[in-house]
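# Observations on the three-dimensional arrangement
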Amino acid sequence: MKALKNILVGFLVSFVGSIPLGYLNIVGFEIYSKFGMNSLFFFLLGIISVEVFVIYFTLIFANSLVNNKKLMKAIEIFAIFFLLILAYSFYSHSNQSAKNHDYLEKYVMYSPFLIGIFLNLLNFLQVPFWTGWNLYLINSNYISVERKLKYFYIVGTLIGTFLGMIALILSLHSISKSIGSFTEYVMPVIIPLFFVVLAVFQMYKVYEKYFSSKKD
């Protein structure tokens with residue numbers, strides 16, 4: 001029963017958590033649109049092959065990571081700059097794509113699986129994301145991590161991430177088919193704006209958590 005509960009909780013958290021993965025979903029959308037489901041499948045395998053280690057180590061060391069206030073503060077402040085860099089990256093690449101339509105084709109020629117690994121290694125935001133969730137789930141007794149039970153939770157999270165990203169990518173593809181001009185605004189406007197909003201929200205969280213109390 002505990003094993004099944006671990007799988008279900010891990011699945012739900014990662015399924016919802018896969019939605020704001022941002023650039024990973026957009027790259028997956030482009031891969032699926034241009035190269036089909038087979039390439040998307042290997043791209044997602046590359047992503048979860050990195051995520052399995054992130055989830056495992058943040059699960060094991062959640063308490064020590066969160067209790068290390070200096071480390072978490074540095075990670076959360078860095079997340080602001082990381083989001084702004086992503087916003088600029090998508091905006092600049094959109095200008096390149098307008099002149100060079102085979103940009104992604106040159107990129108994917110190195111294997112969707114390896115690209116999934118590389119891009120997820122750059123996804124630093126998943127460290128505080130999984131650390132926070134794992135600590136909350138453990139402290140609230142939603143999951144059990146003794147002995148082999150933690151592996152059932154990890155399996156659930158990987159399945160949830162995989163299916164969550166597929167669901168979102170297929171939804172984006174369906175929308176782009178229905179609205180012809182949708183893809184023209186994804187890279188230069190929608191995605192950069194999305195990351196700027198996340199960066200502003202992250203600034204607010206960092207200010208409230210680390211600086212607002214100093215004025216009191």
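Details of the structure are given in the entry above.
None of these values were measured; they are calculated from a predicted model. (Residues numbered from 1 in each chain as written. Predicted model: local features only at pLDDT ≥ 70, side-chain atom pairs only at ≥ 80, totals over all residues. Heavy atoms only, no water.)

### Overview of the overall build of the protein chain
Put simply, the rule is: Secondary structure is summarised from DSSP: a helix means a run of H or I of at least four residues, a strand means a run of E of at least two, and numbering begins at the N terminus for each. Summary of the burial criterion: residues with accessible area below 20% of their type's maximum are buried, those above 50% are exposed, and those between are partly exposed, where the area comes from a 1.4 Å probe applied to protein chains only. Should any heavy atoms of two residues lie within 4.5 Å, those residues are counted as being in contact.
Along the protein chain, the regular secondary structure elements total ten helices and zero strands. Along the chain direction, N to C, the helices and strands of the protein chain fall in the order α-α-α-α-α-α-α-α-α-α. Relative to its full complement of 216 residues, the protein chain shows a buried share of 42%. Put simply, 84% of the contacts in the protein chain that link residues at least 6 apart link residues at least 24 apart.

### Describing the nonpolar core
Stated precisely, the cut-off is as follows: Working definition of a nonpolar core: buried Ala, Val, Leu, Ile, Met, Phe, Trp, Tyr and Cys residues. They are joined through side-chain atoms within 4.5 Å.
Among the nonpolar cores identified, the biggest contains 30 residues, and Phe 43, Leu 44 and Tyr 153 are the most heavily contacted of them. Of all elements in the fold, only helix H1 (2-17), helix H2 (23-35), helix H3 (37-60), helix H7 (112-121), helix H8 (126-139) and helix H9 (149-178) reach the threshold of two or more residues within this core. Here this core gets nine residues from one element, more than from any other, and that element is H3. Filtering out sequence-adjacent residues up to four positions away, Phe 43 remains in contact with Leu 24, Val 27, Gly 28, Ile 31, Pro 112, Phe 113, Ile 115, Gly 116 and Leu 119.

### Section: the pattern of salt bridges
Counted only if it meets this: Only one rule defines a salt bridge in this text: a Lys or Arg side-chain nitrogen within 4 Å of an Asp or Glu carboxyl oxygen.
As enumerated under the stated definition, the model contains two salt bridges in all. Across the pair Lys 2 and Glu 146 runs a salt bridge, and its minimum N-O distance is 3.8 Å. Remark: Glu 146 occurs in the loop between H8 and H9 and Lys 2 occurs in helix H1; sequence separation between them is 144 residues. We classify Lys 2 as partly exposed; its relative accessible area is 49%. Look at Glu 146 and you get partly exposed, because its relative accessible area is 39%. Salt-bridge contacts for Glu 30 lead to Lys 34; the nearest nitrogen and oxygen are separated by 3.7 Å. Linking Glu 30 with Lys 34, this pair stays in helix H2, spanning four residues, or about one helical turn.

### Observations concerning the environment of Phe 118
Turning to its location among the elements, Phe 118 is positioned in helix H7. Taking C-alpha positions, Phe 118 is 8.8 Å from Val 50, a pair spaced 68 residues apart along the chain.

### Details of the environment of Leu 170
Along the polypeptide, Leu 170 turns up in helix H9. Given the relative accessible area of 32%, Leu 170 is considered partly exposed. Setting aside its immediate chain neighbours within four residues, Leu 170 contacts Tyr 32 and Met 37.

### So, H7
Put simply, the rule reads: The directions considered for the arc are those from the helix axis to the C-beta atoms.
For H7, the complete set of buried residues consists of Pro 112, Ile 115, Gly 116, Leu 119 and Asn 120. Along H7, the residues classed as buried sweep out an arc of 120 degrees about the axis, all on the same side.

### Points about the packing of aromatic side chains
Quick reminder of the rule: Centres within 6.5 Å are what make two rings of Phe, Tyr or Trp a pair, Trp counting through its six-membered ring; a difference in plane orientation under 30 degrees is then read as stacked, over 60 as edge-to-face, and the rest as tilted.
Tallied over the full model, the rule gives five aromatic pairs. For the pair Phe 41 and Phe 42, a centre-to-centre distance of 5.6 Å together with 85 degrees between the ring planes defines the contact as edge-to-face. A relative accessible area of 37% means that Phe 41 is categorised as partly exposed. Where Phe 41 meets Phe 162, the ring centres are 5.6 Å apart and the plane angle is 80 degrees; that geometry is what we call edge-to-face. Of this pair, Phe 41 sits in helix H3 while Phe 162 sits in helix H9, placing them 121 residues apart in sequence. Judged by relative accessible area, Phe 162 falls into the buried class, the value being 15%.

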